[in-house]
Amino acid sequence: MRERETAAAASGRSSIDYADMLLLRFGEFTLKGKNRTRFEKTVLRHVKELVKPYPKAVLSKEFGRIYVTLNGEPARELAEALKNVFGIASISPVKVSRSEFEDILAVSRTFLEIIAPAKGTTFKVSARRVWKDFPHGSIEMNKLIATPLLQGYPGLLVDVKSPELELKLEIREGHTFIFCEQIAGVGGFPLGTNGKAMLLLSGGIDSPVAGWSSMRRGLEVECVHFYSYPYTSELARQKVVDLARVLSRYAGVIKLHLVPFTEVQTSFTGIGQDNLIITLMRRAMLRITTQLAEREGALAVVTGDSLGQVASQTLSSMNAIGRATVLPLLRPLVMMDKSEIVELSKTIGTYDLSILPYEDCCTLFVPKSPTTNPNLRIVEKIEATLPGYSARLDEAVAGTETLSITPYGDEKPSDVVPAQAGLQEEWF
């Protein structure tokens, strides 16, 4: 998601503020054969949504690419939004000239003036003659354009193998595209092309990153958050809504299911099995999430588990907890260490929200020494003998509030709204 190191970037100047067009390149899904057309249509639909606030911009598509003709719309703003579209591998700001030699040369000179490459920058021209009736071939154009540019900028050094600045020309009938920069996109698969999953979203660092990673692989994600009123505040609730809103920047709209968990959670206290409370809570969360998944048509559950990070994320614990659902459990972060997860959370924009110090109701119930090796047979026996356990799970599902979160700050509630709600910030 970072802009590649280029001579333009090194000089502190970019062509993006002077671009006539943005060139969007598709990512790895272009290798998927028969599914490629479906994937491309999904990306184009997402791009159309993001371009709506810019009415002068015009979209066109060709094999492996989308073009956004700006017509005066702000290139930098659009590029910032479009680089977060899953399936877009990179974006190039493009200057456009007529497909006449003198105009191509003149715009190329202007292009160099804009980016002002530093003295000693290595350089080459790479022309591609798409329009075969153009009088000069690609190799010939490389020399015809490079020679006067080098004469005008004596500080440039020729390097045809690995230049710091590669000026690319695409000569088409009627117009020529001129560009050199590549802004890295998020890549991956277009959103929703690989199905739907439910994300267990806490207020911590890990789960939003797991959600983003899942969306990048083409999953449509709906978030599920468990709260325990009155142990947490409205600020904790708003924190989770804000985290979902950050994720919605990558999805357009994202559903957030707010599950009242107090009755289920308190049923595990006072039974003489304090060391198993974490395991019991996590299994209950999975049971509830499974019911929500069946209602919403989701085929998997995503968690922010990272192997060995806390008591509920040892291999033994994950095995005992995971048996509570028949759905596939997807753990995108399972082999990542904390520093990697933190770095990615900063990159996607969730870190500052995740570290806000709002209260966590789970700290009121979790013992000092939770087991890291739960006995599945004992756990299942406890669940089977808890009075009204299944009914409490069903009541939590029935009392779930669902919000549709957008990047723009509005949210649409469903018909089911609990009387009062505060949200738990972190899960064990």
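I will try to describe carefully the structure that is included in this document. Small disclaimer: the values here were computed from a predicted structure and weren't measured. (Residues numbered from 1 in each chain as written. Predicted model: local features only at pLDDT ≥ 70, side-chain atom pairs only at ≥ 80, totals over all residues. Heavy atoms only, no water.)

### Thoughts on the environment of Phe101
Here is step 1 of the chain: By the element assignment, Phe101 lies in helix α4 (residues 101-115).
Here is step 2 of the chain: Expressed as a C-alpha distance, the spacing of Phe101 and His136, which sit 35 residues apart in the sequence, is 8.7 Å. (Helix = DSSP H or I, 4+ residues; strand = E, 2+ residues; numbered from the N terminus.)

### Re the pattern of salt bridges
Note that side chains of opposite charge can pair when their charged atoms are close.
Here is step 1 of the chain: Per the stated rule, a full pass over the model turns up 23 salt bridges.
Here is step 2 of the chain: With its nearest N and O atoms 3.0 Å apart, the salt bridge here joins Glu40 to Lys61. In this pair, Glu40 is assigned in helix α2 (residues 36-51) and Lys61 in strand β2 (residues 58-62), connecting sequence segments 21 residues apart.
Here is step 3 of the chain: Lys61 gets classed as partly exposed once you look at its relative accessible area, which sits at 39%.
Here is step 4 of the chain: Ionic contacts of the salt-bridge type, sharing partners, join the residues Glu62, Arg65, Arg128, Glu170 and Arg172 into one network. (Salt bridge = Lys/Arg side-chain N within 4 Å of Asp/Glu carboxyl O. Buried < 20%, exposed > 50% of the residue type's maximum accessible area, 1.4 Å probe, protein only.)

### Focus on the nonpolar core
Here is step 1 of the chain: Counting 33 residues, the largest nonpolar core has Leu199, Trp212, Met215, Cys223 and Leu256 as the members making the most contacts within it.
Here is step 2 of the chain: Of all the secondary-structure elements, those providing two or more residues to this core are β10 (196-200), α6 (206-216), β11 (220-227), α7 (234-251), β12 (254-260), α11 (338-348) and β15 (401-405).
Here is step 3 of the chain: Top contributing element to this core by residue count: α7, with six residues.
Here is step 4 of the chain: Beyond its immediate chain neighbours, meaning those up to four positions away, Leu199 contacts Ser207, Ala210, Gly211, Val221, Glu222, Cys223, Val224, Leu247 and Val302.
Here is step 5 of the chain: With 30 residues, the next largest nonpolar core counts Ile277, Leu292, Leu386 and Ala396 among its residues. (Core = buried A, V, L, I, M, F, W, Y, C linked by side-chain atoms within 4.5 Å. Contact = heavy atoms within 4.5 Å.)

### Regarding empty space enclosed by the protein
Here is step 1 of the chain: Under the definition given, this model contains one cavity of 30 Å³ or more.
Here is step 2 of the chain: Estimates place the volume of the largest cavity at around 60 Å³.
Here is step 3 of the chain: For the lining of the largest cavity, a count of residues per class yields four nonpolar, two polar and three charged. (1 Å grid on protein atoms, 1.4 Å probe; cavity = no way out; pocket = protein on both sides within 12 Å on 5 of 7 lines; lining within 4 Å. Points joined across faces, edges and corners; volume = space filled by probe spheres on them. Nonpolar A, V, L, I, M, F, W, Y, C, P; charged D, E, K, R; others polar.)

### Remarks on the layout of surface pockets
Here is step 1 of the chain: For the largest pocket, the calculated volume is near 310 Å³.
Here is step 2 of the chain: Elements with a contribution of two residues or more to the lining of the largest pocket: α2 and α7.
Here is step 3 of the chain: Considered class by class, the residues forming the lining of the largest pocket number nine nonpolar, four polar and three charged.

### Here's the deal with the pairing of strand β7 (residues 165-171)
Within a regular strand, side chains alternate between the sheet's two faces.
Here is step 1 of the chain: With respect to burial, β7 is a largely interior element, five of its seven residues being buried.
Here is step 2 of the chain: Direction of pairing for strand β5 (residues 122-129) relative to β7: parallel, over a ladder of seven bridges. Each residue of the ladder has a partner; that of Phe123, found in β7, is Leu165.
Here is step 3 of the chain: Pairing of β7 with strand β8 (residues 176-179) involves four bridges; the strand directions are antiparallel. The residue of β8 that forms the bridge with Lys168 is Phe179. (Pairing = 2+ DSSP bridges.)

### Some remarks on helix α5 (residues 138-152)
Here is step 1 of the chain: An ideal rise of 1.5 Å per residue puts 21 Å on 15 residues; α5 measures up with 22 Å between its terminal C-alpha atoms.
Here is step 2 of the chain: Among the residues of α5, those classed as buried are Met141, Ile145, Ala146, Pro148 and Leu149. (Expected span 1.5 Å × (residues − 1).)

### Considering the environment of Met198
Here is step 1 of the chain: Mapped onto the elements of the fold, Met198 is located in strand β10.
Here is step 2 of the chain: A C-alpha to C-alpha distance of 8.9 Å links Met198 and Glu296, two positions 98 residues apart in sequence.
Here is step 3 of the chain: The contacts of Met198, once residues within four sequence positions are left out, are Glu222, Val224, His257, Thr289, Leu292, Ala293, Glu296, Ala298, Ala300, Val301 and Val302.

### Quick look at the packing of α2 against helix α3 (residues 75-82)
The description of two helices packed together rests on the angle between their axes and the distance between the axes.
Here is step 1 of the chain: Two elements in contact, α2 and α3, have axes separated by 10 Å at closest approach and are oriented at 140 degrees. The angle between α2 and α3 falls in the class oblique. For the element pair α2 and α3, the recorded crossing hand is right-handed. Residues Val47, Leu50 and Val51 of α2 form the contact with α3, whose participating residues are Leu78, Ala81 and Leu82.
Here is step 2 of the chain: Residue composition of the contact of α2 with α3, grouped by class: six nonpolar, no polar and no charged. (Axes fitted to C-alpha atoms, helices over the stretch in contact; angles between N-to-C directions. Parallel < 35°, antiparallel > 145°, perpendicular 65-115°, else oblique. Left-handed = near helix turned anticlockwise from the far one by under 90°.)

### Re unusual backbone geometry
If a residue is not glycine, its phi is most likely negative; likewise, a peptide bond is most likely trans.
Here is step 1 of the chain: Although it is not a glycine, Asn71 sits at a positive phi angle of roughly 50 degrees.
Here is step 2 of the chain: When you line up the elements, Asn71 lands in the loop between β3 (65-69) and α3.
Here is step 3 of the chain: On the accessibility criterion, Asn71 (44% relative accessible area) is partly exposed.
Here is step 4 of the chain: With a phi close to 45 degrees, Ala116 is a non-glycine residue in the positive phi region.
Here is step 5 of the chain: Looking at the secondary structure, you find Ala116 in the loop between α4 and β5.
Here is step 6 of the chain: Its relative accessible area of 28% is what places Ala116 among the partly exposed residues.

### Here's the deal with the packing of helix α9 (residues 277-296) against helix α14 (residues 389-398)
Here is step 1 of the chain: With their axes 10 Å apart at the nearest point, α9 and α14 run at an angle of 50 degrees to one another. Put simply, α9 runs oblique to α14. Seen along the crossing, α9 lies across α14 with a hand that is right-handed. Together, Leu280, Ala284, Arg287, Ile288, Gln291, Leu292 and Arg295 of α9 and Tyr389, Leu393, Asp394, Ala396 and Val397 of α14 make up the contact between the two elements.
Here is step 2 of the chain: In terms of residue class, the contact of α9 with α14 is built from eight nonpolar, one polar and three charged.

### A closer look at the packing of aromatic side chains
Here is step 1 of the chain: With the rule as written, the count across this model stands at eight aromatic pairs.
Here is step 2 of the chain: Ring geometry for Phe226 versus Phe261: centroids 5.1 Å apart, planes at 65 degrees, classification edge-to-face. With Phe226 in strand β11 and Phe261 in the loop between β12 and α8 (262-266), this residue pair connects regions lying 35 residues apart in the sequence. Taken individually, Phe226 and Phe261 each receive the classification buried, so the pair is uniform in this respect.
Here is step 3 of the chain: Pairwise contacts between aromatic rings join Phe86, Trp212 and Tyr250 into one cluster.
Here is step 4 of the chain: One Lys or Arg, Arg36, reaches over the ring of Phe63 and ends 3.6 Å from the middle of that ring.
Here is step 5 of the chain: Directly above the aromatic system of Tyr351 lies the positively charged group of Lys346, at a separation of 5.0 Å from the ring centroid. (Phe/Tyr/Trp six-rings, centres within 6.5 Å; stacked < 30°, edge-to-face > 60°. Lys NZ or Arg CZ within 6 Å of the ring centre and 35° of its normal.)

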